[in-house]
Amino acid sequence: MNAKHCATLSILETAVLFSQKQGRTENPIKQLVTTFLILFVVQYSVLLLHNIFIYPFYRSPLRHLPSPKDDTFFFGQTLKFINAEGPNDVVLSYMRQFPDAPLIRYLHMGGAEWVLVNSLEGCKEVLQTKCYALEKPEWFRRVVGELAGIGLVNSEGDAHKRQRKLLNGPMSTTNVRKLVPVFNAKARELADQIELQINRSPDAAIEIDQNLAHTTLDIIGTTALGVELGALQSSGGSKFSTLYGQILDPPPMGQLISAINIFVPIRSWLPLKANRDFVNATVEVRKLLRNQIRERRSAIFGGQDGDKKTVDTRYTEAGSRDLLTFMIYERSEGENKWSEDDILGHLLNFMAAGHETSTGGMTFALLALRLHPSLQTRLRHEIATKIPHERIHNPSAANLDSLTYMMAFLKEVLRVYSPAIYIPRTPPQDTVFCGTVIPAGTTLMINPAVMHYNPNIWGPDVGVFDPERHLEENSEKVPAQSRDPYAQMTFSGGPRVCLGKGFAMLEMRSVLVRLLTRFEMERGWDEQGSRLGDGEKFGGRGDVVVEDLFAGVKLKNFVALKPREGLWVRFRRAESEGGE
Ligand code: HEM
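Attention in this report is confined to the structure presented alongside it. (Residues numbered from 1 in each chain as written. Predicted model: local features only at pLDDT ≥ 70, side-chain atom pairs only at ≥ 80, totals over all residues. Heavy atoms only, no water.)

## Digging into the site of the ligand
Point 1. His-160, Arg-164, Arg-425, Ser-492 and Cys-498 are the nearest of the 26 residues found near the ligand.
Point 2. In the model, an oxygen atom of the ligand is placed 2.6 Å from a nitrogen or oxygen of the His-160 side chain.
Point 3. Here an oxygen atom of the ligand sits 3.2 Å away from a polar atom, N or O, in the side chain of Arg-496.
Point 4. Looking at the shell around the ligand, the elements with two or more residues in it are α7 (157–168), α16 (340–353), α17 (356–371), β6 (423–425) and α23 (501–518).
Point 5. Of all the elements, α23 adds the most residues to the shell around the ligand, at three residues.
Point 6. Among the residues forming the shell around the ligand, the class breakdown is 15 nonpolar, seven polar and four charged. (Near = heavy atom within 4 Å. Polar contact = N/O pair within 3.5 Å; in protein donor to acceptor, adjacent residues only side chain to side chain. Helix = DSSP H or I, 4+ residues; strand = E, 2+ residues; numbered from the N terminus. Nonpolar A, V, L, I, M, F, W, Y, C, P; charged D, E, K, R; others polar.)

Right under this line is the structure:
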């Protein structure tokens with residue numbers, strides 16, 4: 001029972017009461033409204049009291065699951081999540097408290113029950129075996145829908161299967177490999193920007209997270225929209241990139257509103273400037289994308305040959321299509337044609353899903369390189385020995401594939417610093433998971449970090465940054481569980497595995513090759529001017545060896561892993577092997 005059910009019940013009760021005293025009331029409308037409101041408030045209050053104080057402790061089938069006991073009145077564990085230093089800290093503490101429990105229950109605001117999936121089998125059941133018995137929770141659809149529209153990310157069941165099949169074409173390995181020259185060109189632009197800044201001030205540290213965010217936005221603009229967004233240009237880029245910045249990187253008040261909006265839908269009515277700015281930016285982005293769709297449609301189909309419309313083949317030649325053209329040209333006719341809203345949803349998905357995640361992957365790759373200079377030397381050596389000299393400026397997909405140590409390095413970056421924080425699902429009907437009945441509407445939460453930091457899966461050196469564990473030649477030396485496909489959950493798994501996985505892995509390799517061949521990276525200085533930690537601290541947690549993996553870099557409470565005050569790196573021109 002929820003607020004809607006209470007409202008329906010109150011309407012029925014009001015109707016019954018009034019049918020009994022028809023003709024005996026002086027101001028029937030006023031009385032009708034007052035009766036309804038009183039009934040609704042009383043019933044809804046009883047329901048809330050039941051949900052907060054009775055259901056989770058005495059009635060819920062989940063009450064027997066292991067649960068943290070230090071709840072705060074009404075808020076449950078929510079304040080802990082809001083106040084935590086990093087977005088994974090709280091769930092990691094549950095994993096350590098209940099290492100052998102496949103499911104862990106925790107309470108959020110108003111008695112909402114969430115269940116953390118804490119085993120490889122559980123992840124497989126949720127993401128693969130029972131994938132289509134689950135949906136994205138209503139709060140996730142609402143919050144992510146504001147950023148990323150409906151599209152593939154928020155579609156369910158048969159609609160998801162159909163759209164996924166259609167999008168698999170343009171996102172196939174063959175097509176994505178054709179995009180490597182775009183990645184290389186943008187990586188070169190980024191390196192040129194860094195070079196300019198070094199020329200201006202050789203010893204200054206550069207905030208690299210924002211620069212990488214501009215790079216990935218430009219890449220996705222070219223590959224999805226076929227448009228140069230110009231985010232990397234020092235002038236600040238296009239209107240589109242400014243608006244995207246307002247949506248994805250709001251001020252602190254905007255971040256707080258986003259956090260509250262998960263539990264209470266306040267976005268549509270809260271009259272604060274930070275909220276209005278966010279809403280306006282999402283409206284403007286949608287307008288710009290709609291214009292883009294209409295312009296491209298008329299550019300492709302606009303020509304007339306007598307009575308017949310002709311197609312402008314400049315856009316449609318195989319191999320030269322961006323995603324927008326693909327959707328308009330190949331998917332706007334026939335049985336399964338896509339409407340403007342469908343196309344808008346997919347574009348918004350790609351812009352949001354393919355932007356902050358890849359940025360996070362590369363930002364934390366640079367943190368790891370800054371903390372472990374020996375890895376820079378090793379990677380530079382691999383690039384110099386495996387990529388022919390004449391291709392170093394524009395490596396092909398095959399050149400990038402030949403970098404096996406780079407691949408192991410990236411896998412370790414994506415294990416230790418997994419960019420995606422939340423993979424939530426909910427059963428629309430009561431459903432059994434890991435032998436427990438999960439009531440309809442409960443949020444089942446997979447946090448990739450919970451698998452990535454589990455010593456039962458990765459061994460006692462789980463807290464150490466070590467690319468060696470991913471090398472094929474070491475596969476017999478690492479724990480067998482770490483080779484399970486669900487041990488590394490960076491891109492999720494099953495039928496809804498990230499559609500852009502191949503894209504992101506090539507994009508990140510292209511940018512890292514460019515940066516490593518042109519620069520050496522050193523510790524920077526944070527905004528206060530003090531030296532950042534250097535990652536040399538080692539400590540212990542029981543038998544588990546733990547390295548200071550974040551080295552003082554504070555994290556944002558955001559849907560993707562992001563440094564709160566940016567990542568400061570000092571770049572020097574590389575003189576050694578592989579340098580240009
Ligand atoms: C390092 C970079 C990336 C990471 C860590 C990442 C992570 C993820 C994760 C965890 C999911 C699954 C969410 C779920 O199951 O609920 C996902 C889905 C998705 N990702 Fe990515 N992603 C990355 C890059 C990209 C890129 C570059 C694109 C597009 C060019 C992209 C497009 C998508 C789409 C469309 C989906 C929805 C798939 C579906 O529901 O069928 N991602 N991503």
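## As for the sheet that holds strand β10 (residues 519–523)
Point 1. Strand order in the open sheet formed by three strands is β3-β13-β10, and the pairing between neighbours is antiparallel. Looking along the sheet, the strands with just one partner apiece sit at the ends: β3 (206–207) and β10.
Point 2. In terms of strand pairing, β10 meets strand β13 (residues 568–573) through five bridges, oriented antiparallel. The partner of Glu-522 across the bridge, within β13, is Arg-570.
Point 3. Where α17 meets the sheet, it contacts β10 and β13, and its direction lies at approximately 80 degrees from that of β10. (Pairing = 2+ DSSP bridges. Contact = heavy atoms within 4.5 Å. Axes fitted to C-alpha atoms, helices over the stretch in contact; angles between N-to-C directions.)

## Here's the deal with the environment of Ile-198
Point 1. Residue placement: Ile-198 occurs in helix α9 (residues 180–200).
Point 2. Each C-alpha atom of the pair Ile-198 and Arg-570 lies 8.9 Å from the other, and the pair is 372 residues apart in sequence.
Point 3. The residues touching Ile-198, leaving out its near neighbours within four places in the chain, are Phe-519, Phe-571 and Arg-573.

## Remarks on the nonpolar core
Point 1. Leu-366, Phe-409, Tyr-417 and Phe-571 are the most contacted members of the largest nonpolar core, which has 147 residues in total.
Point 2. Dropping the residues within four chain positions of it, Leu-366 is found in contact with Ile-208, Leu-212, Leu-512, Leu-515, Met-521, Leu-567 and Phe-571. (Core = buried A, V, L, I, M, F, W, Y, C linked by side-chain atoms within 4.5 Å. Buried < 20%, exposed > 50% of the residue type's maximum accessible area, 1.4 Å probe, protein only.)

## A few points about the packing of aromatic side chains
Point 1. Under the defined criterion, the tally for this structure stands at 17 aromatic pairs.
Point 2. Each ring, one from Phe-36 and one from Phe-40, has its centre 6.1 Å from the other, and the planes form 15 degrees; the classification is stacked. Linking Phe-36 with Phe-40, this pair stays in helix α2 (residues 28–59), spanning four residues, or about one helical turn.
Point 3. In this structure an aromatic cluster arises from ring pairing among Phe-81, Tyr-94, Tyr-106, Trp-114, Trp-139 and Phe-140.
Point 4. The ring of Phe-278 has Arg-267 lying over it, and the distance from NZ or CZ to the ring centre is 3.7 Å.
Point 5. Of note, Arg-378 hangs over the ring of Tyr-405, and the distance from its end group to the ring centre comes to 3.7 Å. (Phe/Tyr/Trp six-rings, centres within 6.5 Å; stacked < 30°, edge-to-face > 60°. Lys NZ or Arg CZ within 6 Å of the ring centre and 35° of its normal.)

## Some words on the side chain of Asn-454
Point 1. Position of Asn-454 among the secondary structure elements: in the loop between α21 (448–452) and α22 (455–458).
Point 2. Apart from the residues lying within four places of it in its own chain, the contact partners of Asn-454 are Met-95, Asn-118, Gly-459 and Val-462.

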